[in-house]
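# Topology and contacts: notes
The chain contents come next:
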Amino acid sequence: MTKKRALIISGGGAKGAWGVGIAQGLVQHKQITYSTIIGTSTGSLMGPLILDNQWESVVEAYTTISQDDIFNINPFKDDGGIKALAVGWRVITGKQSVGETQALKATIQKRLTVEIFNSLKNSEKNFGATVVNLNTGQSAVKLLKDGSYNDIIDWIWASANQPVFMSVLQKNGASWVDGGLKDFVSVKYVLDNKMADEIDVLIHNTPLLNEYQNVNDKGALAILLRTIGVFSADVALNDISNASLRVKLENDILINFYFMSLEQTALFPNSLVFDKDKMKRVYHEGLDSIVNDTCTVENCKITTDGRIVSNHT
């Protein structure tokens, strides 16, 4: 029986350019074939293009994209600071978010065409986008195969919309946002549904997820962004470590966690600011790190009794 391999891609905004480079290296250099890709936030944006081998499109998107491709109402200055007056007015007038991302939805539709959708829907491959229902507080993985073209566009858009700063999807009587609020990487979903014999996980952060950042005297935005970063890091750690408490498997599953370097993550103090030069840099660094075997990788196994065991011991 042919072994099935899954790719799980975390959130990370502009840092996703690194993930594109890593994924391209794994597929084109290491010759890995994925039957399943589950993406959260920026991971959901690149996921279907990677699964359908649309490398030219996904690389172009993550090395040329600008704020105008994401925000039709941009709450951020070029330096990552907040547009205080504009944001204040939206808060006063009761808007659901301080920015709006209809431009991002149009960008998704431009890249994920009906032809690509049909190609994936008619294949044996699985793509899913992780979202959170704000009404219930629960996360869900929305599979491309389970709905229409417009449905998956909606779910990818919702998955990539960070609350407060970006739009909120109203669908099926509920409000839907970035899946990273609950599932930074959807390891549990893939394990529970026995979708793979081996899993590669791309995490747009450092291995320890606790690098020091000086936020003293840098204002409320720096504190808010750091708070979101700390929360996301905690979610990521829980996604990885708690699998041992929640999952029982019939066979051992090998999981490979790929991490950014501290220097790479430090380039993006505000990952919702899309700087082309920085994104090009980390894309090439990600690709080169796979080709040259220099990427930080943690290998482990999920055993038959549900424990995570490091492959280094």
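Here, every reference points to the structure presented above.
Residues numbered from 1 in each chain as written. Predicted model: local features only at pLDDT ≥ 70, side-chain atom pairs only at ≥ 80, totals over all residues. Heavy atoms only, no water.

Turning to the packing of helix H1 (residues 16-29) against helix H12 (residues 276-291), a few remarks are in order. H12 packs onto H1 with a crossing angle of 30° between their chain directions and a minimal axis gap of 7 Å. Here H1 lies roughly parallel to H12, going by the angle between them. The handedness of the crossing between H1 and H12 is right-handed. Residues Ala17, Trp18, Val20, Gly21, Ile22, Gln24, Gly25, Leu26 and His29 of H1 touch H12, and the partners they reach there are Met279, Val282, Tyr283, Gly286, Leu287, Ser289, Ile290 and Val291. Of the residues contributing to the contact of H1 with H12, the split by class is 11 nonpolar, six polar and no charged. (Axes fitted to C-alpha atoms, helices over the stretch in contact; angles between N-to-C directions. Helix = DSSP H or I, 4+ residues; strand = E, 2+ residues; numbered from the N terminus. Parallel < 35°, antiparallel > 145°, perpendicular 65-115°, else oblique. Left-handed = near helix turned anticlockwise from the far one by under 90°. Contact = heavy atoms within 4.5 Å. Nonpolar A, V, L, I, M, F, W, Y, C, P; charged D, E, K, R; others polar.)

All right, on to helix H5 (residues 102-111) then. Within H5, the full set of buried residues consists of Ala103, Leu104, Lys105, Thr107, Ile108 and Arg111. Taken together, the buried residues of H5 touch helix H2 (42-51), helix H3 (55-64), helix H6 (114-121) and helix H7 (149-159). (Buried < 20%, exposed > 50% of the residue type's maximum accessible area, 1.4 Å probe, protein only.)

A regular strand places its side chains so that they alternate between the two faces of the sheet. Of all seven residues in strand E8 (residues 253-259), six are buried, a share of seventy percent or more. In the sheet, strand E7 (residues 198-203) pairs with E8 via six bridges, with the strands oriented parallel. Looking across to E8, one finds that Leu202 is bridged to Tyr258. (Pairing = 2+ DSSP bridges.)

Let us look at the pattern of salt bridges. The final tally for this structure, using the stated rule, is 10 salt bridges. Here Arg111 and Glu60 are joined by a salt bridge, their closest N and O atoms 2.8 Å apart. Highlighted residues: Arg111 in helix H5 and Glu60 in helix H3, separated in sequence by 51 residues. For the salt bridge of Asp151 with Lys171, the shortest nitrogen-to-oxygen distance reads 2.9 Å. One end of the pair, Asp151, is in helix H7; the other, Lys171, is in strand E5 (residues 169-171), with 20 residues separating them in the sequence. Overall, the relative accessible area of 24% leaves Asp151 in the partly exposed class. (Salt bridge = Lys/Arg side-chain N within 4 Å of Asp/Glu carboxyl O.)

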